[in-house]
Every structure is written in structure tokens, then in C-alpha cells.
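Listed below are the residues making up each chain.
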Amino acid sequence: MELLILFTVLLVIIAIAKILKAKELIDKFKDADSDPVTPAEIKTSATGMLIFGIVFFALVVVTMFSWNKYLLPSSSSEHGLEIDLLMKTTLVIILIVFFLTHALLFWFVFKYYFRSGKKAFWYPHNNRIELAWTIIPAFVLILLISYGMTTWSNIMNPVKKKDAVVLEFLSEQFVWTSRYAGKDNQLGYASFALYGKNKVGVATPYAMEDRLKETRESIEVLVKDSAEFEKLVANGWNRTKNLDDTKTSLKNFRANERRLNAMIAEYKSNPAIFKAGEDDKVINSDSILIPKGRQVILKLRSKDVIHSAYLPHFRAQMNTVPGLTTEFVFTPKYTSEEMYEVAASEGKKFTGYILYCNKICGASHYNMKLKINVVEDEVYKSWLAQQQDFVEAYK
Amino acid sequence: MAGGHEHHKHEHHETFISKYIFSFDHKMIAKQYLITAIIMAVFGMGMSVLFRLQLAWPGEKMAILNFFLGDKWAPEGVLDPNMYLALVTIHGTIIVFFVLTGGLSGTFSNLLIPYQIGARDMASGFMNMLSYWLFFISSVIMIYSCFIESGPASGGWTVYPPLSALPQAMPGSGLGMTLWLVSMTLFIASSLMGSLNYIVTVINLRTKGMTMTRLPLTIWCFFITAILGVLSFPVLLSAALLLLFDRSLGTSFYLDSIFVAGQPLEATGGSPILYEHLFWFLGHPEVYIILLPALGLVSEVITTNSRKPIFGYRAMIVSVIAIAFLSFIVWGHHMFITGMSPFLGTVFTFTTLLIAIPSAVKVFNYLATIWKGNLRLTPAMLFALGMVSLFISGGLTGIVLGDSALDINVHDTYFVVGHFHIVMGAGAIFGMFAGVYHWFPRMYGKLMISKLGYLHFWITFIGVYGVFYPMHFLGLAGVPRRYYTNMEFEMFQDIQFINPIITVFAILSAIGQFIFIFNFFYSIIKGRVTNNNPWKANTLEWTAPVERIHGNWPGALPVVHRWPYDYSKPGYEEDFVPQNVPLKEDELDGH
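Treat the numbers as computed from the prediction; the structure is a model and nothing was measured.

A closer look at the overall build of chain A
- When you go through chain A residue by residue, the secondary structure sums to 9 helices and 10 strands.
- Across its three principal directions, the C-alpha atoms of chain A cover 95 × 65 × 50 Å.
- Partitioning the intrachain contacts of chain A with sequence separation of at least 6 by distance along the chain shows that 72% fall at a separation of at least 24.

Focus on unusual backbone geometry
- Residue F174(A) is reached from Q173(A) by a cis peptide bond, and omega for that bond is -5°.
- For F174(A), the position within the fold is in the loop between β1 (165–172) and β2 (175–180).
- Residues P161(B) and P162(B) are joined by a peptide bond in cis, for which omega reads 5°.
- Structurally, the position occupied by P162(B) is in the loop between α5 (125–144) and α6 (175–204).

Observations concerning the sheet that holds strand β8 (residues 326–330) of chain A
Residues and elements named next belong to chain A.
- If you walk across this open sheet you meet the 5 strands as β3-β2-β1-β5-β8, and the pairing is mixed. The open sheet terminates on both sides in strands that have one partner only, identified here as β3 (281–283) and β8. Adjacent strand axes in the sheet meet at a mean angle of 25°, parallel and antiparallel pairs treated alike.

Concerning the packing of helix α1 (residues 2–27) of chain A against helix α16 (residues 498–526) of chain B
- The interhelical angle for the contact between α1(A) and α16(B), taken along N-to-C directions, is 25°, at an axis separation of 11 Å. With respect to α16(B), the element α1(A) is oriented roughly parallel. Crossing of α1(A) over α16(B) shows right-handed handedness. Contacts from I5(A), T8(A), V9(A), V12(A) and I16(A) in α1(A) reach I507(B), L508(B), I511(B), I515(B) and F518(B) in α16(B).
- Here the contact of α1(A) with α16(B) is composed, by residue class, of 9 nonpolar, 1 polar and no charged.

What about the domain arrangement of chain A?
- Domains assigned within chain A are domain 1 (1–33), domain 2 (34–156), domain 3 (205–274) and domain 4 (281–393).
- Inter-centroid distance (C-alpha atoms) of domain 1 of chain A to domain 2 of chain A is 35 Å.

Comments concerning the interface of chain B and chain A
- Contacts between the two partners involve 113 residues from chain B, matched on the other side by 105 residues from chain A.
- Looking at side-chain class alone, the side of chain B that touches chain A contains 68 nonpolar, 29 polar and 16 charged residues.

Description of the pairing of strand β7 (residues 316–320) of chain A
Residue and element names in this part refer to chain A.
- With 5 of 5 residues buried, β7 is to be regarded as a mostly interior element.
- Where burial is concerned, the two faces of β7 agree: the one with A316, M318 and T320 and the one with Q317 and N319 are both buried.
- With 5 bridges joining them, strand β6 (residues 307–311) and β7 adopt antiparallel strand pairing. By the bridge assignment for β7, S308 is matched with N319.

Procedures and definitions
Residues numbered from 1 in each chain as written. Chains lettered and ligands numbered in written order. Predicted model: local features only at pLDDT ≥ 70, side-chain atom pairs only at ≥ 80, totals over all residues. Helix = DSSP H or I, 4+ residues; strand = E, 2+ residues; numbered from the N terminus. Contact = placed C-beta atoms within 7 Å. Pairing = 2+ DSSP bridges. Axes fitted to C-alpha atoms, helices over the stretch in contact; angles between N-to-C directions. Parallel < 35°, antiparallel > 145°, perpendicular 65-115°, else oblique. Left-handed = near helix turned anticlockwise from the far one by under 90°. Nonpolar A, V, L, I, M, F, W, Y, C, P; charged D, E, K, R; others polar. Domains from an automatic or database assignment. Buried ≥ 20, exposed ≤ 12 C-beta atoms within 10 Å, placed from the backbone.

And the structure:
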């Protein structure tokens, strides 16, 4: 590699030196009024453009066919098939315009390069032509826009089914945690006030009390620490940042204590909403199962910064935003095993469904993933039944 | 009218400082902007080569990385993931703001507005100087932020909070981020002063006969760009200030329900999406703040070197205005999958794809301009034609990304990286190169070496497509941008071979740029002296003497009698008729 770079640099330097020498020789014969470029240079450039055009077109065609096998296999979700079709339509239109306009560009450059004595064609405008090439693109685009908008609306406003799998992904630097709804098929209330030992912050009565206890312990420690640091600082300790950090932490935990107290008070007046979480199933694993053929309602939350849940095989993606629950609905079409065959039949390689982060989130952004296995419904059901309910797991 | 001004005689003394440093003269300020931008571009480009090395050969020990980044960020030549993100971030920031916004508008609006409208100088020379020096200070702060202990900002050039708001989330969100915000605040102030000056100058200082429909398209583009800047940059300023408050004063405009570093934060009630809206309300017009000046330069270079009037002058003006207007109502297409209401997605898809119509008109008009022309393929002309090619290629992939349904699966992948680098990165850089080669004689009274110009063009043109075309395939394979390495995924193993190809082209292009830099500085000193109109162009700057004198024209200002595109006009011997040549009897003004 270094050799290659060195070689290129050397070549460039030699080229510059040669050109400079030639230039100095030529400059002696030229005055201020002589032409800045020579006819030979213009002709070479015109030929160069044509050759570039031909090679460029050839490479585009070759790569489109030979690199196709590295692209994603066709969609493994119902709505994704619509996206694939829209993509194909759009790509065909784009490619036609690309080849047409570029063919004209390269050809005109080659055909009409400068010859002295010749005069260009005086043609400042033609309203009819201009109207035509405003209306035709407008017409094509309106069709494409309507097609795109319909597809988008269908995907984003799905009819939710009763037997849908309700699944939550909680993102944090740099892990995905999953939570399935229990028998009631709804996810229980969760809050960031409870994160800690409670990975996804499900708010059940016990979890709230436990977290309150934990928070108070933290406060006690912090109060002690800050008193000590204050004494040290008073005696000339120069690391005041430690004291500031402790004070900030103390503020954070005190706010959390107030928050938890308010939640517990609310529980006393309205216990029902804190019940739904008890049968939720939190999965602490880098691999989960979902059933084929059933609608999956993804609920997405984030603990710390913005992440993005990207499931390319299902043509699904949605950001996870702290303080907000976002949603994406899709229906898997093929089990993982079937997908190997589908991909193989297209000459492509499939290496398993995967969810990964697609919004810059910190140092290990490049390695924040979750394996997903799509299985038959029965397999999924028996697997889910083996997972512990939240109340059992969190004691 | 500027025509009423008396010409200043050369009596007042110019010291070195007033002539070269704190100059009020638009030509000198343009050169200051250009040279600052070239230096910033070397930084930005160098960073891209460093992270391209990592992407091509992830985790390998490379002495060059250790040489540039030291033992802290590249121990034994292996790049640190935090530094990778920092390089990506600062590369983006520098190229987008400092090179293609400050550098491009700063150089060419300053150089060409007074010259092409026939004015002695900008409306306010003092504000112009202030604008450059704020730009300079903000550049210095941005570069300085790369050398602090915790590293520069690393949250991507869009610096979305909470990542950028929480120093606990990554080292780059510490002091580096504060410096980024300070630098950007100064940059915005500079940009606003510049833009106000451009607008006022174009409106008030046009010479006699220079009506709005006789303005060269360059000036139209700079004028509209300045208006875009004045209307959108203040929004980024507010976004940056609120972020600064969140970071330093304990407010929570962008923060809600956050648990980081083992602590639930006190700050609640804000929304990170608010930042995204504010950012992209600038961010999308910003794309056109970058692109329109480039299109303006390209229009001028193409028509001059085609020896043929620009086709559809009025349609070009209307399409620039349409693009500018639409650019304000499309920002949401950067946010289709942020959790914004799906209905808004529909609206933004609609407005976004509408932009393709005026863009298509521009492309067809360029093609019609070169049709049956007499093309003088100077290096500037090649870069201009290259820009048209890039504008087509990158514009077309934009149709995929602007369509919300398709965006779901290519959002934030390499498809996006390929798209915007071609259309606004390389596209605008090509416009800038075309401008430098074309107006170098105007700036220095000398010619750049054409042979080196051709070499530079071919290396860059091949390099740009070699780098960014394959990225579309990575994107369609689902490879995300801003990944330190793709090797942690089995599904990306097979397509990894594309990354070394891209990197080799990137290194090649980077080396090619040094030819330009050499050519530029060498020609300032030893370039061939030329007359005042080497390209035989019509616009007013070429009627001024070769010497760049204070006030631009000795004696009275030129008077304009015709539009700027009388090339190869029937009835004239020469194939060009400058704007200050009176109309013959019975002759109609151009279009």
C-alpha cells in the first residue's frame, strides 16, 4: 500500500516537472494576447470525455449485474415487497434519465468541441421546448410522488391486528434489550426513573419500592461524599470538579426520589396501570425469536441518546428517541430457514436476520446488534412460555 | 447608483496591514477567503483519507495513522473508534461549512458581485472585512478543537443531542463540542454579515443599465444564496445556542427521560426532535447555499466557453428562485424515520420531489446550451461539465432518498453518503474549481497552467466517481454510515472488498488535489501574464484592467447596454459582444 502511494506521488511529481519544463519553453513564444489553451488540448479533452463516457457506462452496467449478488435479498416482510417494487420502478426511471442525459452530455462535448472559424448556433431560448421539459418531468414526478406517498401511508398507518406480537426494543449504548408483552398483550408502563437493576424500567409496585430504596442509598452515599469533598476543598484540595460532579449526581438522584414518590402516590390512587407490566417478559440476550406470518408491533424506546433500530431484511427502520416511544409495524414473511433458500434462489447470501443501530451513538456504534430468528408460530409460543414473567424475574 | 461615485485616486497610503490583512477591498477579501478555504480543505480532505484507510483495512497497524494522530488516538497505528467518529464529524463540518459555504460564497460573491454588476466595491467594506475575520477566527477555533485532550466533537456533523449534549456519552461531547458550538456561532455571524452585504450590494450598487434581467446568472445565484443564508442561518444559531444552554446552564430544551452513566438526569421535558427540526431548517437550505453558487459559476463558465448564449435565461432565473423557495419546505425529508408524524412524511415527500422539476429544467438548459456550441474545453469548462454530470447523477439518487417509503431502508446508509457527496460535495467542489480556473486571471492577472489543470480534472473526475459510485452498492446492501468497521457483521463480509477500492480512489483523488494547490501557488508567482479578457467573455469584470486597482475601473464605471450572453450573435464579426457595447440600431437586446 505505502509503495503504491509512493509510486503515485512520484509519478505526479514527474508529470508536474515535465509539464513545467514544456510550459517555460512555450511561454517564451507567447504574449499576453495568445490563446490560453491550444486546439490540441481541446481536441484531447473532447476525446477524453467521450472515452470516459463509454468506460463509465460500461462500468455502471457491469457493476450493476456483477455486484447485484452482494445486495440485500428481496424483502422478508409483506410491506417490504411494496417498497422493493417502488424501488425497482424508481431505479428504472432514474437509470433511463441517467443514461439519456449523460449520453447527450458526453456526445455533445465530443461533437461540438471548438474549431476556430466556426461560429456557434445562436439559440437563446424556445418557450415550447422549455415548457415541454418542465411538464414532462413534472408529470413523471407527480406519478412517482403519488405512488410513493400511497406506499408510505400504507406502511405507516397499518391496521393493527388483535393477535399481533407486541415487542419493545430498548436501546442504550451499545445494547438492545427486548421486552415482550405478556398474556394481556400489552406492555406495562415503564419509566426511566426505574432503570438500574431493572433493565427496561418496568413500573410494578415492588419495582418502584425497590428503586426508591436504591435511590435513597445512593443519596446517602453522595451526601457523605460531598461533605467530605467540601472539607477537602476548604483545606485547599484542587480537584473541585469531583465536588461539582458529586453535587450534580446528588441533584439527579434527589429528582429521581421525588419522581418515584410521585409514581408511588399515583399507584395508590390508580393501581390498574401498574399491573400490566407484571407479566411482561424481558429478554437479556443478544438473540430473540419472532413468529412468521404474525404482525409484529415494534415499540421503540431509548435510555440515553438517539439510536435507530434498523432491520434491513424486513425493510424496517425507526429511530429510538429518549423521552418518546416510536413505533414500526411489520409482518415477517419467511422463517430464517426459508430465507436462506429465498436468498440462494436469487444468487445472494443470507446470514440471518439482524437488528442493528443506524444512528451515530458513540464509540461502539459499529457493534450494537441483536440477532433475530423468525420461526413458526408454535416454536415461538413455546419459547416465549419458557421466559420468566417480570414479577418472577425481578424479586 | 454607483455610477455617481467619484473615482478614488490612489493618493491614500496603503500599509501592508491595510492592504493584505485588514483589507476593505473585495478582491483582497475574496483571495483571503479562497486561501483560507484551501487550507481548510486540506484538513478536511486529509481527515477523510485517514478514516478511509481504517474502513478499507480495519484494525490494521498503519504507521501513517500513528504519525498524524499520535499515540493517544492511534496507538501502534490502530485508529481509536472515538477518533474515527471525530474525524468523520470534523471532516463533514469543515467541508460543508468552512469550504463550501464560507469558502465558496466568500470567495466568489466577494470577487464577482462588485465586478459583474459594475460597482467600485461592496456596500460595506468594513463589514466585509469583519465577516472574513470572524470566519478566520471560527476556522482557527475549529482546527484548535482537534488538538485538545478529549478530542474534537464526534457526534456527526449534525451533532444531534442528547449525544452531543452529554459529556458522559462520549469523550467528543466534552470541551470539543463546546468549541464546535463557539466556532459555529462565530461562523454564522460571519456568514450573516457577508450575506447582508451581498444582498445590499446587488440591490443598490448596480451600474447604469444593469437591470435585474441583465444580471449574469452568477449574480442571480449569489443573490438568492445570500437571501437563503440570511433566512436560515439564524435558525441554526438558535439551535446551537439552546444546545449550549443545555450543556452548560442546566436547561433541558433537548433533553428528556435520560439515564446515562448510571444516573437518571434531572433535566426532563425537552425533545431531541426539536433540535432536528431547527437543525434541518437550516440544514436543507444549506445544501442549496452550497449548490447555487456552484451552479451560478458553472452557468457562466459553460456559456462563455460554449460561445453560445445560455439557453432559457429567464427559465434559469425562475428555476433558481423555485429551488430556493422549495428548499425551505423540505427539511423534514431528513427526518422521515425519527418518529415524526407519518402525515408530515407525506407532505415532505411531496415538496421534496417537486424540487426535481426546476433541477431538471436546469440540466436540460445546460445540455441545450452546449448543443451546437463551439466548446472551448478549458480546464474550467471541463470542471463545469463535470459538475453537470455530478449534478445529474447525484440529483437522480435524491429521488430515491426523497421518497419517504424508500428512505426507510436506505436512510443513514452508504447510499446517502454516495448521494450527497456526489451532488453537493463533489458537485460544489467542481463548481469551485471551475470558478478558480476561470477567474484566476481576474484575481492575479495570470493564467494557471492548463496542462496541470487537465491532469487535475481527470484525476478528480475519475476519483470522485470511483469513490462515491460504489458507495451506492454498500448502501443497498444495508451498510450503515459512521461505522468504525463493518467487520463485526457477517452480512458485510462479502461486500467489504468494495471499501479498499473506494479508499484507493480516495487516495488518488487526494494526491490529485496537490497538483491543483501547486498549480495555484506556482501560477500566482510564475504564471503566464495575460490580457484583461483571456476567455473572450461578455461580463463586466473582463472590461476592467488587468491590474486590480482600488475601485476596479479607472475613470467612469462601465455602462451596460445588453444582457450578458451575446455570444456568436448574428450580425457581429466576433463571437462575443461585451455588456458595455451599445446596441446597434434596430438590434434587440438578446433574449
